[in-house]
Amino acid sequence: MRLDLPNITLNVEDSGPKDAPAVVFAHALGTNLHLWDAVLPHLPEGLRLIRYDLRGHGGSDAPDGPYAMGTLVRDAEQLLDALDVTDAVFVGISIGGLIAQGLAVKRLDQIRALVLSNTAAKIGVRSVWDKRISEIREKGLESIVAPTLERWFAPAFRKTEEAQRWGRAITETPLKGYLGCAAAVAGTDFYTPTSGLRLSCLGIAGGYDGSTPPDLVRETLGVIPGSRFELMRRSGHLPPVDAPEDYAALLTDFLTEIAHDKRDPDPHDPVPDLTGHTQSHSHNHDHDGGCCG
Ligand SMILES: O=C(O)CC1=CCC(=O)O1
């Protein structure tokens, strides 16, 4: 359905009982709500599943950019208000994970828990995003398909029809929408607000993710006390596409865990070592994390 919000009309799919626990899904740059197609059938019954196309993507409106991250967060906030959703589990992948962090900071009443998938508090550095934006302006979205597929998928999966389909999705994204959202990512550094979050949080990374490599995802989860980190070793940047059943199993475990865990994380909990390896949770805002070359 097309849903008119105060500042934008978004394309939204809302299934399951309206009074059931809600799970909300926000997709990655250059994709759309169909990113979740193969995951949803493997989730438990009895949930309200809400997914939407970001501003400038899929069937949502694509106003002139650049967009600010605050605008994308406000879209999600207005969407949940319009649907009367509180206490949702928000699953955000890549830029969707940035929106998830921003929304949890702004409207904790709307969010029960977060899944931060293939994302970070800061994705890439501005100079690299600016270069990508200029290249797209000059040569079109086609010019970024091949390098993007290299960052998104492990070599073997890249050859599949499914991977090629997501390559086409990039070029089908409205130019204004892709560039608008890319500018929002370029301007976002959520390390400080995200480190103040105190809610249940699952991080998911892919071993072949060239956009948000595992260490970058781990670093972000490391600033949220009590969070859990899962590595999908054979996946790339989009595990809902390359391993939907395994991804759904991780979500299902997390949903089960938080349904049974009424305890809110203690704000005084020490920052956990999620890795079992030596890891510093201090972060370098200028790292490029391998993303977005
Ligand atoms: O496009 C990429 O490679 C990575 C990316 C950053 C934000 C997003 O949603 O995707």
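As the structure is a prediction and not an experimental result, all values here were calculated from the model.

Colleague: Looking at this model, I keep getting lost on the environment of H27. Mind explaining?
Modeller: Within the secondary structure layout, H27 lies in the loop between β3 (22-26) and β4 (48-52). Separated by 137 residues in the primary sequence, H27 and Q164 have C-alpha atoms spaced 18 Å apart. If we skip the residues at most four places from it in the chain, H27 touches N32, L33, L35, W36, Y52, D53, L54, H57, I93, I95 and G96. Engagement of the side chain of H27 in a polar contact is seen with the side chain of T31, the distance being 3.2 Å. Polar side-chain contacts of H27 include one of 3.0 Å to the backbone nitrogen of L54.

Colleague: What am I meant to see in the site of the ligand here?
Modeller: For the ligand, the full set of nearby residues is A28, L29, S94, I95, I123, W129, R132, R151, W152, S211 and H237. With respect to the ligand, the backbone of I95 contributes an N or O atom lying 2.9 Å from an oxygen atom. Note that an oxygen atom of the ligand is positioned 3.0 Å from one of the side-chain N or O atoms of R132. Burial of the ligand by the protein amounts to 100% of the accessible area it has alone, namely 280 Å². Residue assignment for the shell around the ligand shows that the elements contributing at least two residues are α3 (126-139) and α4 (145-152).

Colleague: What am I meant to see in helix α11 (residues 244-260) here?
Modeller: Three or four residues apart is the spacing at which side chains of an α-helix point the same way, because the helix has 3.6 residues per turn. With 17 residues, α11 extends 24 Å from end C-alpha to end C-alpha; this agrees with the ideal 24 Å at 1.5 Å per step. The complete set of buried residues in α11 reads P244, Y247, A248, L250, L251, T252, F254, L255 and I258. On the buried face of α11, the contacting elements are β3, β5 (88-93), β6 (111-117), β7 (200-206), β8 (228-232) and α10 (239-242).

Colleague: How do you make sense of the packing of helix α1 (residues 69-82) against helix α2 (residues 95-106) when you look at a structure like this?
Modeller: When two helices pack together, their arrangement is given by the angle between the helix axes and by the axis-to-axis distance. α2 packs onto α1 with a crossing angle of 70° between their chain directions and a minimal axis gap of 9 Å. Our classification of the angle between α1 and α2 gives roughly perpendicular. Judged by the twist between their axes, the crossing of α1 over α2 is right-handed. Listed contacts from α2 to M69, L72, V73, R74, A76, E77 and L80 of α1 are I95, L98, I99, G102, L103 and K106. Its residues assigned to classes, the contact of α1 with α2 shows nine nonpolar, one polar and three charged.

Colleague: It is not clear to me how the pairing of strand β2 (residues 9-15) should be interpreted in this structure. Could you clarify?
Modeller: On any regular strand, side chains alternate: one points to one face of the sheet, the next to the other face. Of all the seven residues making up β2, five are buried; the element is thus mostly covered by neighbouring parts of the structure. Taken together, the three bridges between strand β1 (residues 2-4) and β2 define a ladder with antiparallel strand orientation. Counterpart to R2 in the pairing with β2 is N11. In this structure, the hairpin formed by β1 and β2 is closed by a connection of four residues. Sheet topology places β2 next to β4; four bridges connect them, and they run antiparallel. Each residue of the ladder has a partner; that of E13, found in β4, is R51.

Colleague: Could you clarify how one ought to interpret unusual backbone geometry in this entry?
Modeller: In this model, G65 is joined to P66 through a cis peptide bond whose omega is -10°. Tracing the backbone through its elements, the reader meets P66 in the loop between β4 and α1. Its identity as a non-glycine residue notwithstanding, D84 has a phi of 60°, on the positive side.

Colleague: Would you mind showing me how to read the confidence of the model for the protein here?
Modeller: Should the pLDDT be low somewhere, the predicted coordinates at that spot are not to be read in detail. Taken residue by residue, the protein gives an average pLDDT of 92. The fraction at 70 or more is 89%. In the predicted complex, the global pTM is 0.91; the interface-specific ipTM is 0.96.

Colleague: What is the right way to look at the side chain of S211 in this model?
Modeller: Along the polypeptide, S211 turns up in the loop between β7 and α9 (214-221). Only 3.5 Å separates the side chain of S211 from the side chain of R151, close enough to count as a polar contact.

Colleague: Please explain the side chain of T9 as it appears in this structure.
Modeller: One can find T9 in strand β2. Look at T9 and you get buried, because its relative accessible area is 13%. Polar side-chain contacts of T9 include one of 2.7 Å to the side chain of D4. Among residues more than four places away in sequence, those in contact with T9 are R2, L3, D4, S60 and D61.

Colleague: Is there a simple way to explain the nonpolar core in this structure?
Modeller: What tends to happen in soluble globular proteins is that the nonpolar side chains get buried as a cluster. Among the nonpolar cores identified, the biggest contains 96 residues, and Y52, F90 and L114 are the most heavily contacted of them. Residue contacts for L114: discarding those within four places in its chain leaves F90, A100, Q101, A104, L197, L199, S200, C201, L202 and F254.

Conventions used here
Residues numbered from 1 in each chain as written. Predicted model: local features only at pLDDT ≥ 70, side-chain atom pairs only at ≥ 80, totals over all residues. Heavy atoms only, no water. Helix = DSSP H or I, 4+ residues; strand = E, 2+ residues; numbered from the N terminus. Contact = heavy atoms within 4.5 Å. Polar contact = N/O pair within 3.5 Å; in protein donor to acceptor, adjacent residues only side chain to side chain. Near = heavy atom within 4 Å. Areas by Shrake-Rupley, 256 points an atom, 1.4 Å probe, with all protein chains shown as cover. Expected span 1.5 Å × (residues − 1). Buried < 20%, exposed > 50% of the residue type's maximum accessible area, 1.4 Å probe, protein only. Axes fitted to C-alpha atoms, helices over the stretch in contact; angles between N-to-C directions. Parallel < 35°, antiparallel > 145°, perpendicular 65-115°, else oblique. Left-handed = near helix turned anticlockwise from the far one by under 90°. Nonpolar A, V, L, I, M, F, W, Y, C, P; charged D, E, K, R; others polar. Pairing = 2+ DSSP bridges. pLDDT = per-residue confidence, 0-100. Core = buried A, V, L, I, M, F, W, Y, C linked by side-chain atoms within 4.5 Å.

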